[in-house]
Amino acid sequence: MSVQVATKMAEVELKDVGKDKLTVKEATKSTSGNLILASPVASVDEKKPVDSSPQSVNAPVVVTPFPPATTVPSVNVIPAMAVTAAARDEVAVAGGEPVLAPAPSSMKLPQASAMKRSDPMQQQQRHTGNDSIVSPDGMVCEAPRTVKKQIQFADQKQEFNKRPSKIGRRSLSRSISQSSTDSYSSAASYTDSSDDETSPRDKLQKNSKGNSDFCVKNIKQAEFGRREIEIAEQEMPALMALRKRAQGEKPLAGAKIVGCTHITAQTAVLVETLSALGAQCRWAACNIYSTLNEVAAALAEGGFPVFAWKGESEDDFWWCIDRCVNVEGWQPNMILDDGGDLTHWIYKKYPNMFKKIKGIVEESVTGVHRLYQLSKAGKLCVPAMNVNDSVTKQKFDNLYCCRESILDGLKRTTDMMFGGKQVVVCGYGEVGKGCCAALKAMGSIVYVTEIDPICALQACMDGFRLVKLNEVIRQVDIVITCTGNKNVVTREHLDRMKNGCIVCNMGHSNTEIDVASLRTPELTWERVRSQVDHVIWPDGKRIVLLAEGRLLNLSCSTVPTFVLSITATTQALALIELYNAPEGRYKQDVYLLPKKMDEYVASLHLPTFDAHLTELTDEQAKYLGLNKNGPFKPNYYR
């Protein structure tokens, strides 16, 4: 800023200010370019002229520390370089006296230095030694004077000077500390942080109809959740088509379905579809981190008994499942499970319920494994449908969903760049294939571990190096598990990892990484952001653990809605099949979804792409030994 401009600004007319107004301490810039704090000035009487004589402006300046907080209750510090602009523009400040922050030698003033370098006029001006400056053209002008003045601020309600309320401070803190992980459409859901300290179990909430048969974080978030559900409906064409086609028939009339799945906007579309088809539903979450609080609130507002919130404890988790099951005057006759926890709880606590349950639909590899164990031991009491191994689940949800969501989860939690990073993916099933394809496309160096020779050969022919985890654990930057097994990454592996290694799980359960072995006195846990922990060794080495070893994509990010539409439609058809099957069609065993239903689910999604299927001629169908309308694959096809 040139000296002439500064001089003109120093001569600004002062607005009338009452004696009760607080004063402003002002800084000016000396001819040497240094910032000088003006001495404190008293309140100016509106009838007295401002003293701008040389004697008043050339007095020595003494910079003193700020008074204690008891003297000045509320002090708003304004950068020194902004004072003249504030005086010119009459910047509004409410509640407190703007005071210039002293600039100690350690404080950097990049704006001031930049202004000195970029203003050649100021560099060429020289001081005469008195109260004048000689400009480059030879003109002698008066040096800028420090004028004691007050500023009447135009608006006393500017937001930046308000003392934030308790809720406001929390909201601001949340937006700063969790902005990279929270999203209105992610597993880190919209929350009203004013309720964060109170457990939902300790609150009595009612929806707009006076119903209190639910337990969610905050029922007031229902409006936000409804918007998310409406967005999800646009990407779930098959479920919406199923509603229209089967709503008149009500194929689930009389069905009482208890569900335990991830509670997301996509799940809400499924629940409302089941209700439209005639079912009564009660729902809990299968993962303590994946619930979208606003979606749970929207379901509760819609009259669905939902018991879930993000960040449940282990005790809360089982309490919610029990509240779904143990209800006076209501007993389920169908189970929709994701992970087998609901089935396990009923089997353990309420085994007599299986007398009225017609079937179980399970969608995860962990839950299916548990069902096969029960079947092998002769303890499976009802028919069960294995949705996880259906073609539509394996080839779409497991592959395409994970191919996109693995990058989303890692980016949101770590902000890392993938190019050149060394990654080991444990398991080369459909989930592993999706993860490897995505990371390879981003320029990562990908290793694969596998126990199955067929999957191992696929990994090799897809261009990945097959290794044992011990061979690369010291050098990799990221470790991803997707096996569905337990103790894939042990404490021994964790001890050998290099500093900064990222460890996460894309399998359903939290058993793949031995997280329990990290909860020892010699290791320090440090929460960095939501779902991100640093585990620090005594020598200072640290690893980055995501979602405490639980499912990364649904805990830390989102999954593609369209792919979930395929899985949700498969689940709905499996429920319809088991509920309406004549007695004797299905025995007490685990079954795969008929291929005809797989193909029907796929056909419902084709119109989205404006896709047109080719039809077999009679001669072609006879040659292949197929029905023209399918199924086109044998039941053993996967």
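The structure displayed is predicted, hence computed values, not measured ones.

A.B. asks: I'm lost on the overall build of the protein in this one. Help?
C.D. replies: Assigned secondary structure in the protein consists of 22 helices and 22 strands. The buried share of the protein, reckoned over its 638 residues, is 48%. A separation threshold of at least 6 residues defines the contact pool for the protein, and within that pool the share at least 24 residues apart is 69%. Carbon and sulfur atoms make up 53% of the accessible area of the protein, which amounts to about 32,000 Å² in all.

A.B. asks: What am I meant to see in the side chain of His534 here?
C.D. replies: By the secondary structure assignment, His534 is in strand 20 (residues 532-536). Not counting residues within four places of it along the chain, the set of residues in contact with His534 comprises Thr524, Trp525, Glu526, Val528, Arg542, Ile543 and Val544.

A.B. asks: It is not clear to me how the packing of helix 8 (residues 237-246) against helix 21 (residues 595-605) should be interpreted in this structure. Could you clarify?
C.D. replies: Helix-helix packing: each pair is described by the crossing angle between the helix axes and the interaxial distance. Orientation of helix 8 relative to helix 21, taken along the N-to-C sense of each, is 105°, at an axis distance of 8 Å. Taken as axis vectors, helix 8 and helix 21 run roughly perpendicular relative to one another. Contacts between helix 8 and helix 21 involve Pro237, Ala238, Ala241 and Arg245 from the first element and Tyr600, Leu604 and His605 from the second. Split into classes, the residues belonging to the contact of helix 8 with helix 21 amount to 5 nonpolar, 1 polar and 1 charged.

A.B. asks: I keep staring at the confidence of the model for the protein and nothing clicks. Help me out?
C.D. replies: As a general rule, the predicted coordinates of low-pLDDT regions are not to be interpreted in detail. Chain-level statistics for the protein give a pLDDT mean of 78 and a share of 69% at 70 or above. Taken as a whole, residues 5-130 scores under 50 in pLDDT and shows 178 contacts with residues more than four places along the chain or in a different chain. Taken together, the stretch residues 146-195 has pLDDT below 50 and engages in 115 contacts with residues farther than four places along the chain or on a different chain.

A.B. asks: Quick question: what am I supposed to make of helix 15 (residues 430-441) here?
C.D. replies: Residues lying three or four places apart along an α-helix face the same way, a consequence of the helix completing one turn every 3.6 residues. Helix length check: helix 15, at 12 residues, gives a terminal C-alpha distance of 17 Å against a target of 16 Å (1.5 Å per residue), a fit within 8%. Every buried residue of helix 15 is listed here: Val431, Gly432, Lys433, Gly434, Cys435, Cys436, Ala438 and Leu439. Contacts made by the buried residues of helix 15 are with helix 14 (391-414), strand 14 (422-426), strand 15 (445-449), helix 16 (453-461) and strand 17 (478-481).

A.B. asks: What is the right way to read the pattern of salt bridges from this model?
C.D. replies: Working definition: two side chains of opposite charge can pair if their charged atoms are close together. Evaluation of the coordinates by the stated rule reveals 21 salt bridges. Asp533 is paired through a salt bridge with Arg527; the nearest N and O atoms lie 2.8 Å apart. With relative accessibility at 3%, the residue Asp533 sits in the buried group. Via salt bridges that share partners, Arg226, Glu233, Arg243 and Glu272 belong to a single interconnected network.

A.B. asks: Just to check I follow, could you spell out the side chain of Gln266 for this structure?
C.D. replies: Checked against the element boundaries, Gln266 lands in helix 9 (residues 265-276). The class for Gln266 is buried, based on a relative accessible area of 11%. Among all residues touching Gln266, those that are not within four sequence positions of it are Ala232, Met236, Val559, Thr561 and Leu564.

A.B. asks: Looking at this structure, I do not really get the packing of aromatic side chains. What am I missing?
C.D. replies: Within a pair of aromatic rings, the relevant descriptors are the distance that separates the centres and the angle that separates the planes. Taken as a whole, this structure holds 8 aromatic pairs when the rule is applied. With a centroid separation of 5.9 Å and 40° between ring planes, the pair formed by Phe396 and Tyr400 is classed as tilted. Of this pair, Phe396 and Tyr400 both sit in helix 14, 4 residues apart, which is roughly one turn of the helix. Take Phe396: its relative accessible area is 29%, and that puts it in the partly exposed class. In this structure Tyr400 comes out as partly exposed when scored by relative accessible area, which is 32%.

A.B. asks: Would you take a moment to explain the environment of Ile229 for this structure?
C.D. replies: Mapping Ile229 onto the fold places it in helix 7 (residues 222-234). On the accessibility criterion, Ile229 (0% relative accessible area) is buried. Along the primary structure Ile229 and Ala298 are separated by 69 residues, whereas in three dimensions their C-alpha atoms are 8.5 Å apart. In this structure Ile229 touches Ala265, Ala268, Val269, Glu272, Val295 and Ala298, once residues within four positions along its chain are discounted.

A.B. asks: What is the right way to read helix 16 from this model?
C.D. replies: Turning to helix 16, its buried residues are Cys455, Ala456 and Ala459. Angularly, the buried residues of helix 16 cover 105° about the axis, an arc narrow enough to put them on a single face. Of the exposed residues in helix 16, those oriented more than 90 degrees away from the buried face are Pro453, Ile454, Leu457 and Met461. Residues of helix 16 that are buried in the fold lie against strand 15 and strand 16 (465-466). The residue sitting at the N-terminus of helix 16 and contributing the capping side-chain oxygen is Asp452; that oxygen lies 2.9 Å from the backbone nitrogen of Ile454. At the C-terminal side of helix 16, Gly463 shows a positive phi close to 95°.

A.B. asks: I would appreciate a short explanation of the pairing of strand 21 (residues 542-546) in the present structure.
C.D. replies: Sheet faces and side chains relate simply in a regular strand, where the side chains alternate between the two faces. Burial within strand 21 is extensive, with 4 of its 5 residues counted as buried. Where strand 20 meets strand 21, 5 bridges bridge the pair, whose relative direction is antiparallel. When the sheet's bridge partners are listed, Val535 is paired in strand 21 with Ile543. Linking two consecutive strands that pair antiparallel, namely strand 20 and strand 21, is a turn of 5 residues; a positive phi of about 95° is found at Gly540 within it.

A.B. asks: Is there a simple way to think about the sheet that holds strand 10 (residues 306-307) in this case?
C.D. replies: As a general point, the strands of a sheet are linked pairwise by backbone hydrogen bonds and lie either parallel or antiparallel. As summarised here, the arrangement of the 7 strands in space is 10-9-8-11-12-13-22, forming an open sheet in which the pairing is parallel. Among the strands making up the open sheet, the edge pair consists of strand 10 and strand 22 (590-592).

A.B. asks: I keep staring at the sheet that holds strand 15 and nothing clicks. Help me out?
C.D. replies: Spatial ordering of the open sheet is given by 16-15-14-17-18-21-20-19, a layout of 8 strands whose pairing is mixed. This sheet does not close on itself; its edge strands, each paired only once, are strand 16 and strand 19 (524-529). The pairing of strand 14 with strand 15 spans 5 bridges and is classified as parallel. Opposite Val424, over in strand 15, you have Tyr447 as the bridge partner.

A.B. asks: Would you mind showing me how to read unusual backbone geometry here?
C.D. replies: Glycine aside, residues mostly have negative phi angles, and peptide bonds mostly take the trans form. With an omega of 5°, the peptide bond running from Gly630 to Pro631 counts as cis. Inspection of the secondary structure assignment puts Pro631 in the segment after helix 22 (618-624). Despite not being glycine, Asn487 has its phi angle at roughly 55°, a positive value. Note on placement: Asn487 falls in the loop between strand 17 and helix 18 (491-496).

Cut-off values and rules
- Residues numbered from 1 in each chain as written.
- Predicted model: local features only at pLDDT ≥ 70, side-chain atom pairs only at ≥ 80, totals over all residues.
- Heavy atoms only, no water.
- Helix = DSSP H or I, 4+ residues; strand = E, 2+ residues; numbered from the N terminus.
- Buried < 20%, exposed > 50% of the residue type's maximum accessible area, 1.4 Å probe, protein only.
- Contact = heavy atoms within 4.5 Å.
- Areas by Shrake-Rupley, 256 points an atom, 1.4 Å probe, with all protein chains shown as cover.
- Axes fitted to C-alpha atoms, helices over the stretch in contact; angles between N-to-C directions.
- Parallel < 35°, antiparallel > 145°, perpendicular 65-115°, else oblique.
- Nonpolar A, V, L, I, M, F, W, Y, C, P; charged D, E, K, R; others polar.
- pLDDT = per-residue confidence, 0-100.
- Expected span 1.5 Å × (residues − 1).
- Salt bridge = Lys/Arg side-chain N within 4 Å of Asp/Glu carboxyl O.
- Phe/Tyr/Trp six-rings, centres within 6.5 Å; stacked < 30°, edge-to-face > 60°.
- Arc of directions from axis to C-beta.
- Polar contact = N/O pair within 3.5 Å; in protein donor to acceptor, adjacent residues only side chain to side chain.
- Pairing = 2+ DSSP bridges.

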